[in-house]
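# What the coordinates show
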Amino acid sequence: MLCTRLPSSSLPSKHTLSLLCNTLSSRSYCVSSSQNPGHQSHVRRRTSLDLNDQFRTFSSTARSNSNLRILSHQSLVSNLQILNPVQTCNRSLSQSDRPEFTKKKSPVPFMLISMVSLGGIVVAAYMFSEYQKARIEATKKEQREKAKPKVSKGKALIGGPFTLVNTEGVTVTEKDFLGQWLLIYFGFTFCPDICPEELEKIGEVIDLVESSPNAPKIQPIFISVDPKRDTPELIKSYLADFHPKFIGLTGTKEQVKRATKSYRVYYSEGPDQAPGAMEYIVDHSIVTFLVNPQGEFCKNFGQRTSVEDAATQIAEKINEFYLEQ
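Residues numbered from 1 in each chain as written. Predicted model: local features only at pLDDT ≥ 70, side-chain atom pairs only at ≥ 80, totals over all residues. Heavy atoms only, no water.

When helices and strands are counted, the protein chain shows nine helices and eleven strands. Taken across its 325 residues, the protein chain has 30% of its residues classed as buried. Here the analysis covers contacts within the protein chain between residues at least 6 apart in sequence; of these, 71% occur between residues at least 24 apart. In the form shown here, the protein chain has an accessible surface area of approximately 22,300 Å², with 57% of it arising from carbon and sulfur atoms. (Helix = DSSP H or I, 4+ residues; strand = E, 2+ residues; numbered from the N terminus. Buried < 20%, exposed > 50% of the residue type's maximum accessible area, 1.4 Å probe, protein only. Contact = heavy atoms within 4.5 Å. Areas by Shrake-Rupley, 256 points an atom, 1.4 Å probe, with all protein chains shown as cover.)

Structure (structure tokens):
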């Protein structure tokens, strides 16, 4: 409460209060431009009458009581607000019409968004790095392939047609052996040691290969490179000491020469011999040739190839042949 002691000498005169009431009664205000004129007129008249009543009451009270006058702070504030109703209405309207802005919380925390973004960047960088590595590796591989020497694949120019005579005196050709696996060896019956050893080894290889289940039969063939001394009868007698499946072939000097040329076999009678001399050594290649049923060369084996290695390689070639059919 606000207490004020007003001396009697300081109280306004009756004439002054009358002028103030008339001035306030003549003032007008409007609450809002959107309100209707009838309502404004009613508020204006009502306000003037209320002000006149309040000041008349105040004047009479002040005149009759010259001692202590107590006015509440709330009453003074309300009276002052009434003195300026337009400002009061505008302030209240502006506060009521002012939209309320509420701070909306983000549905996803900022930290989570940052972590997801960082994870995406890391994954993208890793994938790009792997792509670059794969691309570089592919380029290096392509360069290595280009740097490799080109190797032409094809069949070796070994083997071919021949016409010879067997131990029975019958002329035979390469066509007579089609459909069979062949092991062909070029030698001569007067060979002291190498030819017998190779013929023995061929017999052992054949037995080892044919011992496997479902293995095809292999036909061994001995072709003489010494037609001058190796007659059909002599070859037949010579081969009797080796594998019983051996077939011996010989022919004229020209026929033997063509056969050795087809298989790229080198042979030479050695130093010149005296006319009619029968004791001489023939130098020749020590090679055994594997031929498939189509008459095509498959594999050759040298003197250092063991029985087991030769049998294994022959079995592999046989399997490859039938897998390709």
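With that settled, consider the sheet that holds strand 5 (residues 181-187). Strand order in this open sheet of seven strands is 4-3-7-6-5-10-11, and the pairing throughout is mixed. Looking at the sheet topology across the chains shown, the edges are occupied by strand 4 (171-173) and strand 11 (297-301). Strand-to-strand twist across the sheet, computed as the mean angle between neighbouring axes with direction ignored, equals 35°. Two elements, strand 6 (residues 218-224) and strand 7 (residues 247-250), share three bridges in a ladder whose sense is parallel. Bridge assignment links I223 to a residue of strand 7, and that residue is L249. Each of strand 3 (163-166), strand 6 and strand 7 is contacted by helix 7 (residues 232-239), which is oriented at about 150° to strand 7, the strand it contacts most. Relative to strand 3, helix 8 (residues 253-262) is tilted by about 115°, and along the sheet it contacts strand 3, strand 5 and strand 6. (Pairing = 2+ DSSP bridges. Axes fitted to C-alpha atoms, helices over the stretch in contact; angles between N-to-C directions.)

Attention shifts here to a nonpolar patch on the surface. A contiguous nonpolar patch, built from V123, Y126 and M127 and spanning about 350 Å² of accessible area, is present on the exposed surface. Turning to its location among the elements, V123 is positioned in helix 5 (residues 110-147). When its relative accessible area of 47% is taken as the criterion, V123 is described as partly exposed. (Patch = residues over 30% accessible without salt bridge, like charges linked within 9 Å, V, L, I, M, F, W, Y side chains within 5 Å. Salt bridge = Lys/Arg side-chain N within 4 Å of Asp/Glu carboxyl O.)

Located in the positive-phi region is N214, a residue other than glycine, with phi close to 65°. Relative to the assigned elements, N214 resides in the loop between helix 6 (194-210) and strand 6. When its relative accessible area of 83% is taken as the criterion, N214 is described as exposed.

For the rest of this paragraph, the subject is the pairing of strand 7. Two elements, strand 3 and strand 7, share two bridges in a ladder whose sense is antiparallel. If you follow V165 over to strand 7, its bridge partner there is T250. For the crossover from strand 6 across helix 7 to strand 7, the handedness is right-handed. (Right-handed = clockwise from strand over helix to strand, strands pointing away.)

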